[in-house]
Amino acid sequence: MLLLLHVITAIVSILITTYSVVRPGRHLLSAGYGLAGATLVSGTILVISSGSNLLRSCLTGIAYFGVVAVGLTIAQKRLAKQEVDK
């Protein structure tokens, strides 16, 4: 059950991050950060509880967080520019 929640959270996080790059907003950024944090916590619990291959899990997690971090940074810069231009 936790694995399903973890996967859904990660996918929704990527979708929210992508949408926030296109149409930046404070609520979308907050949701993106929250979902990324939830993915990190659930992934950590899964690795500890299942004893899965730590190297493979960590590499996948690093790739995920790299994509999400870049997306959220771009969205945050676009939102800041948008607020300055008002």
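Refer to the structure above for everything that follows.
As a further point, take helix H2 (residues 26-50). Compared with an ideal rise of 1.5 Å per residue, which puts 25 residues at 36 Å, H2 spans 36 Å between its outermost C-alpha atoms and is within 8% of the ideal. Each element contacted by the buried residues of H2 is listed here: helix H1 (2-22) and helix H3 (54-85).

What follows deals with H1. Between its first and last C-alpha atoms H1 spans 30 Å; for 21 residues at 1.5 Å apiece the expected length is 30 Å, and the two agree. Those residues of H1 that sit buried are His 6, Thr 9, Ala 10, Ser 13, Thr 17, Ser 20 and Val 21. Within H1, the buried residues cover an arc of 100° as seen down the axis, which keeps them to one side. Those residues of H1 that are exposed and aimed more than 90 degrees away from the buried face are Leu 4, Leu 15 and Val 22. Buried residues in H1 make contact with H2 and H3.

What follows is about the nonpolar core. With 9 residues, the main nonpolar core is built from Ala 10, Val 21, Leu 29, Ala 36, Tyr 64, Val 68, Leu 72, Ala 75 and Leu 79. Secondary-structure elements contributing two or more residues to this core are H1, H2 and H3. Counting residues per element, this core draws most heavily on H3, at 5 residues. With residues near it in sequence (within four places) discarded, Ala 75 still touches Ser 20, Val 21, Pro 24 and Leu 29.

As enumerated under the stated definition, the model contains 1 aromatic pair in all. Ring geometry for Tyr 64 versus Phe 65: centroids 4.8 Å apart, planes at 75°, classification edge-to-face. On the basis of relative accessibility, which here comes to 11%, the residue Tyr 64 falls in the buried class.

Definitions and cut-offs
- Residues numbered from 1 in each chain as written.
- Predicted model: local features only at pLDDT ≥ 70, side-chain atom pairs only at ≥ 80, totals over all residues.
- Heavy atoms only, no water.
- Helix = DSSP H or I, 4+ residues; strand = E, 2+ residues; numbered from the N terminus.
- Expected span 1.5 Å × (residues − 1).
- Contact = heavy atoms within 4.5 Å.
- Buried < 20%, exposed > 50% of the residue type's maximum accessible area, 1.4 Å probe, protein only.
- Arc of directions from axis to C-beta.
- Core = buried A, V, L, I, M, F, W, Y, C linked by side-chain atoms within 4.5 Å.
- Phe/Tyr/Trp six-rings, centres within 6.5 Å; stacked < 30°, edge-to-face > 60°.

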